[in-house]
Amino acid sequence: MTTFLILTVVVLLAVALWQLTKIFDLTQVGGGNVNDTQIANDNDNKVNGYLMFAFLGFIYLTTILCLLNYSDLPLIGDAASEHGPQVDNLMVISLVLIFIVQTITQALLHYFAFKYRGKQGQKALYFADNNKLEFIWSIIPAIVLAGLILYGLYAWTNIMFVDEKDEQDAIVIELYAQQFKWEARYAGADNVLGKANVRYIEGVNNLGVDLSDPNAQDDFTAPELHIPKGKRVVFKMRSQDVLHSAYMPHFRAQMNCVPGMVTSFSFVPSMTTAEMREKPDMIAKVSNINAIRAKKSEKLVADGQTALDPYTFDYLLLCNKICGASHYNMQMKIVVDTPEEYAAWLKENSAKTIVQAVKTAAAEAKASEAPAATSQDTSSTAGKDTTVVAQAEPKH
């Protein structure tokens, strides 16, 4: 609100100054030295030239203030994947180049606007072309851009290419996107995801897993994404409805989830959740957030509302495509464990398979219908449920 008021005051002051200028011009009507031809003279051009320099100073001053106050990039240097530093290096190089080019070109632009301002009797020199100049301003950007593109392709290839040995040893996890939530499906002991299709979605089988596929018998889902430090994870991504984008900022990972096809991305986590929470920069960030939340909570409690819970850092899986009204809330917690912690979590959760969940749901449905089974119609309904359960048995 304060910022809005400041901006309003600045705009109103600008309007007032403009009106005062118009009033001053009106008071000079009839004077002998007033140029009322609406054609810029040497003095007008000189004033505009100096104004260009003033604006250049404003740009540089604003840049310096922003660098001093807002140059802390919280994600740069906090990459939690092995390929993260490559992405950060590419970002830093791009920012430095943009800053240098912007500084030089803006200085030249405003300087030439002053140097070559209009003067009485001065004529511009015209020449059709200058091969030397055109070569310079074409070859330098071409070389710089080619270097950036080649480095980007090199980094992208290193990130996306997974050799056969790494792929065999990797953990395979499916990320299933739907408005407005994520679900994670683990491949189980065989490390092979079972087939899936949206046409199979029914009841608790909300991922559309093909229950007759032998590879699907040990697949299980989890409400939060657990991955181990130091081991490659291959993500297979699907979407049930619209275009989503799986975005894991701290791991420098993003890939679109497209309805009707499977996309993939892989990386090796390099820092556990506990290790990230202990970093000094992260401690300072969490402390700052909690100070803001505490101040906000005081107002909420004074108004008779519930105070905000303290913030604790967690890795997050976000959606980076505007997929609907609740897009902002489409996220899943990611937990990076040590290998030992991950093995313990896997042992605890791997028995809760999708096939077992379908069998349990079918048995509960059959049990609830049994007391009311007084007609042939009810018997046929129970038979249909038994068929569904049978489909969950592996084929031999």
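The model shown is predicted, which means the values in this text are computed figures rather than measured ones. Within any chain, residue numbers begin from 1 and follow the written order of that chain's sequence. Reporting in this predicted model follows two pLDDT cut-offs: at least 70 for local features of residues, and 80 or more for side-chain atom pairs to be given and counted; totals over whole chains, interfaces and linings ignore these cut-offs and use all residues. Side-chain metrics rest on all non-hydrogen atoms present in the structure, leaving aside hydrogens and water.

Asks: Please explain the overall build of the protein chain as it appears in this structure.
Replies: Helix and strand assignments follow DSSP, with helices taken as H or I runs no shorter than four residues and strands as E runs no shorter than two, numbered in order from the N terminus. The helix and strand tally for the protein chain stands at 10 helices and 10 strands. Exposure is judged per residue with a 1.4 Å probe applied to protein chains only, and the accessible area is read against the type maximum: over 50% gives exposed, under 20% gives buried, and values in between give partly exposed. Relative to its full complement of 396 residues, the protein chain shows a buried share of 28%. Taking as baseline every contact in the protein chain between residues at least 6 positions apart, the subset at least 24 positions apart corresponds to 70%. Values of accessible area rely on a 1.4 Å probe in the Shrake-Rupley scheme; residue burial ignores everything except the protein chains shown. With the model as given, the accessible surface of the protein chain reaches about 25,800 Å², and the carbon-plus-sulfur share is 62%. By definition, residues are in contact when any of their heavy atoms lie within 4.5 Å.

Asks: Mind showing me how you'd approach unusual backbone geometry here?
Replies: If a residue is not glycine, its phi is most likely negative; likewise, a peptide bond is most likely trans. The step from Gln179 to Phe180 runs through a cis peptide bond, and the omega angle for that step is -5°. Relative to the elements of secondary structure, Phe180 occurs in the loop between β1 (171-178) and β2 (181-186). Within the chain, Asn191 stands out as a residue other than glycine whose phi angle is a positive 60°. Structurally, Asn191 can be placed in the loop between β2 and β3 (220-222). Asn191 sits in the partly exposed class, given a relative accessible area of 24%. Even without being a glycine, Arg252 presents a positive backbone phi close to 55°.

Asks: Sorry, what's going on with the nonpolar core here?
Replies: Soluble globular proteins tend to bury their nonpolar side chains together. The nonpolar core is taken to be a set of buried Ala, Val, Leu, Ile, Met, Phe, Trp, Tyr and Cys residues, with the residues joined through side-chain atoms within 4.5 Å. Leu225, Ile227, Phe235 and Phe251 are the most contacted members of the largest nonpolar core, which totals 39 residues. Considering each element in turn, this core owes the most residues, four residues, to β1. Not counting chain neighbours up to four residues away, the residues in contact with Leu225 comprise Ile173, Leu175, Ala184, Tyr186, Phe235, Met332, Lys333, Ile334 and Val335. Residues Leu211, Ala216, Ile354 and Val358 belong to the second largest nonpolar core, which totals eight residues.

Asks: In this structure, what is going on with the environment of Thr103? I would like to understand it.
Replies: Secondary-structure assignment places Thr103 in helix α3 (residues 84-115). On a C-alpha basis, the gap between Thr103 and Tyr60 in space is 8.0 Å, while along the polypeptide they are 43 residues apart.

Asks: It is not clear to me how the sheet that holds strand β6 (residues 244-248) should be interpreted in this structure. Could you clarify?
Replies: Either a parallel or an antiparallel arrangement is found when strands of a sheet pair, and the pairing is made through backbone hydrogen bonds. We treat two strands as partners when DSSP finds at least two bridges between them. Here five strands make up an open sheet; going across it, the order is β4-β10-β9-β6-β7 and the pairing mixed. Taken across any chain shown, the strands that pair with only one partner, and hence form the sheet edges, are β4 (225-228) and β7 (253-257). Each adjacent strand pair in this sheet contributes to an overall mean axis angle of 25°, direction not counted. As paired strands, β6 and β7 are joined by five bridges and run antiparallel to one another. Within the sheet, the bridge partner assigned to Tyr247 lies in β7 and is Gln254. Under this scheme, a helix contributes an axis fitted over its contacting stretch, all axes are lines through C-alpha atoms, and angles between N-to-C directions fall in the 0 to 180 degree range.

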